[in-house]
Amino acid sequence: MAEITFRELKRFYEGKTVLVTGHTGFKGTWLCRILTLAGAKVTGYALKPPTSPSLFNALGQAALMDSVEGDVRDLKAMEAVFERARPQIVFHLAAQPIVRDSYKDPVYTYETNVMGTVNVLECIRRTESVASFLNVTTDKVYENREWEYGYRECDPLDGYDPYSNSKSCSELVTHSYQKSFFQNGRCQISTARAGNVIGGGDLAPDRIIPDCIRAALRKEAIVVRNPHSIRPYQHVLEPLCAYLTIAMAQFEEPGVSGCYNVGPDDCDCVTTGELTELFCRSWGEELRWVDRYDGGPHESSFLKLDCSRIKKTFGWRPRYHVEEAVEKTVAWTKAYLEGADMLAVTDGQILGYLG
């Protein structure tokens, strides 16, 4: 299978009914915009946008799709949306995604990330129209032993902190439902374990690039709490196009469903300090950063993924190196600050990526 193009996405997704949980978030908004550009009939189910301002509102996304406000912990409300939308394809992105917040409120984190997944799968079990489901988790689901090689899909799951562990549990729930209720092949089910993403419109707290942007706007030095941690950073369009590829491929060819790592090549696994330095160079204006380790809660210091399986199965490859990912993020942000038409800017980045 060749790398996905916009023409190929449009061929498959045009006219398809698609439901996306977490559609008001950073990744969810980008995903829904790709789907609407491709002609899909998109329904979203999520809480209000998690930040103000938000990417979802900046793009006017509510007017481009069927946007439903709701909590994934509310099974009855979600069932009503499934019954009305009758989706063929479901992407599950709704989550409590912040590691530090999971230490502050582990109960909410588990309720959202575990029972939210149970509720989505239960709706799919009761909705005959769904033929393809992708649960988006994280690279942090693995038992991290700080090894120098990338983790593979067959390695043990056991996230350390409540966020990472809850996403490990979400994986196990997905595998159980697949084996218990979908062995007949009615719905193909996969999970995707992606690394850290960057891109225009991410305004979340406690993430390095949004922190960089906030410091730049205040004309202050960027405070980096753990500059030596190695992470697989990639532009948001990289995993999103992988998700779209997996959901499409398993819809058309059931034998390819399974678990997939989605991350950059080894050369783009950089330290947080190196990523911040790239941001400073791209932003300009003599922006600088300082090392201020704060002794916060446990986070892994070394994490890489082995993405051989998705490359072999689908021909998927990362298209941007980390330098270009940072440049695209800075370009989007500066356009936003200058009052540009952000739907047009976003569409330009999507089409420029897909070719």
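The following paragraphs examine the structure supplied in this document. Since this is a predicted model, take the numbers as computed values, not measurements.

## Digging into unusual backbone geometry
And step 1. Of note, the amide linkage connecting Ser52 to Pro53 takes the cis form, showing an omega dihedral of 0 degrees.
And step 2. For Pro53, the location among the structural elements is in the loop between β2 (41-46) and α3 (55-58).
And step 3. You will see that Arg86, though not glycine, has its phi angle at about 50 degrees, which is positive.
And step 4. By secondary structure assignment, the location of Arg86 is in the loop between α4 (75-85) and β4 (89-92).
And step 5. Positioned with a positive phi, Asp206 is a non-glycine residue whose angle comes to about 65 degrees.
And step 6. With respect to the helices and strands, Asp206 occurs in the loop between β7 (197-198) and α8 (208-218).

## Points about empty space enclosed by the protein
And step 1. Scanning all chains against the criterion turns up one cavity of 30 Å³ or more.
And step 2. Glu143, Arg145, Trp147, Tyr151, Asp155 and Pro156 are the residues that line the largest cavity.
And step 3. For the lining of the largest cavity, a count of residues per class yields three nonpolar, no polar and three charged.

## Considerations on the nonpolar core
And step 1. Within the largest apolar cluster, 58 residues are counted, with the highest numbers of intra-cluster contacts made by Tyr13, Val20, Trp30, Leu35, Phe91 and Ile310.
And step 2. When residues in this core are grouped by element, the largest group, ten residues, is from helix α9 (residues 237-252).
And step 3. Residues within four places of Ile310 in sequence aside, it is in contact with Ala242, Ile246, Tyr260, Asn261, Val262, Gly315 and Trp316.
And step 4. Grouped together as the second largest cluster of nonpolar side chains are 22 residues, Met78, Val90, Ala94 and Ile189 included.

## A few points about the pattern of salt bridges
And step 1. Enumeration according to the criterion identifies 26 salt bridges in this entry.
And step 2. For Glu79, the salt bridge is made with Arg126, and the minimal N-O distance between the two is 2.0 Å. Residue Glu79 is found in helix α4, and its partner Arg126 is found in the loop between α6 (106-125) and β5 (132-136); the two are separated by 47 residues along the sequence.
And step 3. Residue Arg225 pairs with Asp206 through a salt bridge whose shortest N-O separation is 2.7 Å. Of this pair, Arg225 sits in the loop between β8 (222-224) and β9 (230-232) while Asp206 sits in the loop between β7 and α8, placing them 19 residues apart in sequence.

## Looking at the pairing of β2
And step 1. Among the six residues of β2, five are classified as buried, and the element is accordingly described as predominantly covered.
And step 2. As paired elements, strand β1 (residues 17-21) and β2 share five bridges and run parallel to each other. Among the inter-strand pairings, Thr17 is bridged to a residue of β2, identified as Lys41.
And step 3. The parallel pair β1 and β2 is bridged by helix α2 (residues 26-37), and the resulting crossover is right-handed.
And step 4. Note: β2 against strand β3 (residues 66-69), four bridges, orientation parallel. Within β3, the position partnered with Gly44 by the bridge is Ser67.

## A closer look at the pairing of strand β6 (residues 188-194)
Sheet faces and side chains relate simply in a regular strand, where the side chains alternate between the two faces.
And step 1. Burial of β6 is extensive: seven of the seven residues sit out of reach of the surface.
And step 2. Burial along β6 is two-sided: the residues Gln188, Ser190, Ala192 and Ala194 and Ile189, Thr191 and Arg193 are all buried.
And step 3. Two strands pair when backbone bridges link them, and β5 and β6 are joined in this way by five bridges, in the parallel orientation. Directly across from Ser132, in β6, lies its bridge partner Gln188.
And step 4. Crossover β5 to β6 through helix α7 (residues 162-181) is right-handed.

What counts as what
Residues numbered from 1 in each chain as written. Predicted model: local features only at pLDDT ≥ 70, side-chain atom pairs only at ≥ 80, totals over all residues. Heavy atoms only, no water. Helix = DSSP H or I, 4+ residues; strand = E, 2+ residues; numbered from the N terminus. 1 Å grid on protein atoms, 1.4 Å probe; cavity = no way out; pocket = protein on both sides within 12 Å on 5 of 7 lines; lining within 4 Å. Points joined across faces, edges and corners; volume = space filled by probe spheres on them. Nonpolar A, V, L, I, M, F, W, Y, C, P; charged D, E, K, R; others polar. Core = buried A, V, L, I, M, F, W, Y, C linked by side-chain atoms within 4.5 Å. Buried < 20%, exposed > 50% of the residue type's maximum accessible area, 1.4 Å probe, protein only. Contact = heavy atoms within 4.5 Å. Salt bridge = Lys/Arg side-chain N within 4 Å of Asp/Glu carboxyl O. Pairing = 2+ DSSP bridges. Right-handed = clockwise from strand over helix to strand, strands pointing away.

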